[in-house]
Structure formats: C-alpha cells, structure tokens
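So you can see what is in the structure, the chains are spelled out below.
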Amino acid sequence: MENDVKMVPALCTQCGGRVEVDANSDEAKCPYCGMSFLVQKAINNYNVKYATIEHADNVNIDMGGAVKEVLDFAGTQLNESRKEWREIRKEHNEEFKESSAKSMKMFMIMMPCMFAFAVIAFIILRLTGSIDDTDEQAADSGSSISAYVENGCLYTDVTGAVGTDWKYLDFDSMGTVLMDETNDMDDYHSCVSGAEDTEGVRYVVLAAYEEDNADSNDDPLYYSVTRVVVENTDIVEASEPVIVDSLSEYNYE
C-alpha cells in the first residue's frame, strides 16, 4: 500500500521549505516549521518557482490585453489633451470676442466725439479768420504768392497762376507806385516803391482776374494785400501777403 503513495516535491506555504508530500492527501505538515499546510497549494508554489519552459517556440504569449490597455490609456490621454486644448481655444475665442466688442464700443463712442471736435475746431477757425475761402480758392488755382523788400522796393512774385491774370492796383495801393511789372503766361512779377512825400504804413494791392479779363470791368476773383513801411519813398519793411475776397475785409491799421 505504501508503494502506491506518490510523493511529489512541494514548498511549505509558511516557511517556504522544500518538502515532499503525498499528492493524494489534502494536508501535510512541514518538517521544518511544523506548520500544517494544504498539499495542493504547496505543490502549486513549487511548480511556480521551479517551472521551466523547455520549448519556447511552442509558447504563445497573449499580449492583446496589455497592448489594448496601453492603447486605451494613450487614447484616453489624447482625448483629455484635445479636450483641454478645445477648452483653452474656446476661452481665447471668448476673450478675443469680448476684446473686439469693447474696442468697437470704444470706437463707436469716440467717432462722434472726434467728429464733433473737428466741426467745432472748423467753426472756431472760420470765426477767427484762420480759414479763408479766398485762401482756399488761391490754393486751388495753384498760385503761390511771395513778397520781399530789396533796394527800397517791394518785389511780389506769383507763380503757378494758371487760369488767372494779376494786376497792380494803383488807386487802392494807398501811397505806393508801380516801378516794374511782367505778366507771363503762368507767373506775375512786380516791383513797387513808395510815392513821393510818402511816409509810414502803406499797402500794396494786387488783384487776380479770370484769365484774359484783367482789363475788363469784371470784379477781381480775390486780392493780395501786403502791408509796407515807407521811408523817403523807400519801402523798408513788408508783411506777408494776405489773400482777401474783398478789400473791405482786410484789417487796415
């Protein structure tokens, strides 16, 4: 009967000692620590510890579960990253829209204010005489008027006088006389000195007419008035020419 007992190696589940047990028994006792243990569990411990793979090419390792877990984890992380990016982009878009709305609101508030300021400034300049329609008319014609004193005379040059003819007005010039005058196609030049027995402040007046109408009875388009100071018939000082629509508009001293 004893010859039928099949002893197999095992490991004590308590101390790990190697023992031989009857595979047909349910329990055994460790000769090292005296602890009783389940035979099948001790056999399994031994097989796990000392098991060897004799034919590795016949072993199939199922990695599908591990790979799937890795891919699932990576996919989860990617989805979370995309979600976070969408949230950040959404916040940026909302901030941009809010900023654009504030800028547009500020622009809509400032535009009427700027327009009103421009209108007020224009009215003030018109009332103070800083803007003159006649000056604009002279500028639109392309004319440029300059005057300077030299050798006791006032020299006045009008350049770019397209579409206009210029003429010195003797009567209105109040104590100054024309010494020289040329009226080319697009330019006008004159030289004026003080009249005899003339002293003090006088005025040199030029008139602009429509082209070819300088000798007619038509009213001038506008006037150029230059204030001069005369000493012993010599002009010694002159102001910048002032363009006026009517001589009555000039501020004579």
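Below: a short report on this structure. Note that the structure is predicted; figures quoted are calculated from it, not measured.

On the surface, Met104, Met106, Phe107, Met108, Met110, Met111 and Met114 cluster together into a nonpolar patch covering about 730 Å² of accessible area. Assignment of secondary structure puts methionine 108 in helix α2 (residues 64–128). You can call methionine 108 exposed: its relative accessible area is 52%.

It is worth spelling out the pairing of strand β8 (residues 176–183) at this point. Alignment of β8 against strand β9 (residues 187–194), held across 7 bridges, turns out to be antiparallel. Directly across from glutamate 181, in β9, lies its bridge partner serine 190.

Bringing unusual backbone geometry into the picture now. Positive phi, normally seen in glycine, also occurs at aspartate 197, with a value near 55°. You can see aspartate 197 is positioned in the loop between β9 and β10 (200–210). Positive phi values are uncommon outside glycine, yet threonine 233 reaches one of about 65°. Inspection of the secondary structure assignment puts threonine 233 in the loop between β11 (222–231) and β12 (234–238). Residue classification places threonine 233 among the partly exposed positions, given a relative accessible area of 29%.

Analysis parameters
- Residue positions are given per chain, counted from 1 along the sequence in the order it is written.
- Only residues with pLDDT of at least 70 are given local features in this predicted model, and only at 80 or more are side-chain atom pairs given and counted; all residues enter the totals for whole chains, interfaces and linings.
- The side-chain values count all of the structure's non-hydrogen atoms but skip hydrogen atoms and water molecules.
- Patch building starts from residues that exceed 30% relative accessible area and form no salt bridge, then joins like charges within 9 Å and nonpolar side chains (Val, Leu, Ile, Met, Phe, Trp, Tyr) within 5 Å.
- Every accessible area reported is derived by Shrake-Rupley at a probe size of 1.4 Å, with residue values counting cover from the shown protein chains alone.
- Between Lys or Arg on one side and Asp or Glu on the other, a salt bridge is scored when a side-chain nitrogen of the former is within 4 Å of a carboxyl oxygen of the latter.
- Where helices and strands are cited, they refer to DSSP runs of H or I of at least four residues and of E of at least two residues respectively, numbered from the N terminus.
- Burial status follows relative accessibility: with a 1.4 Å probe on protein chains alone, a residue under 20% of its type maximum counts as buried, one over 50% as exposed, and anything between as partly exposed.
- Each pair of strands is called paired provided DSSP finds at least two bridges between the two strands.

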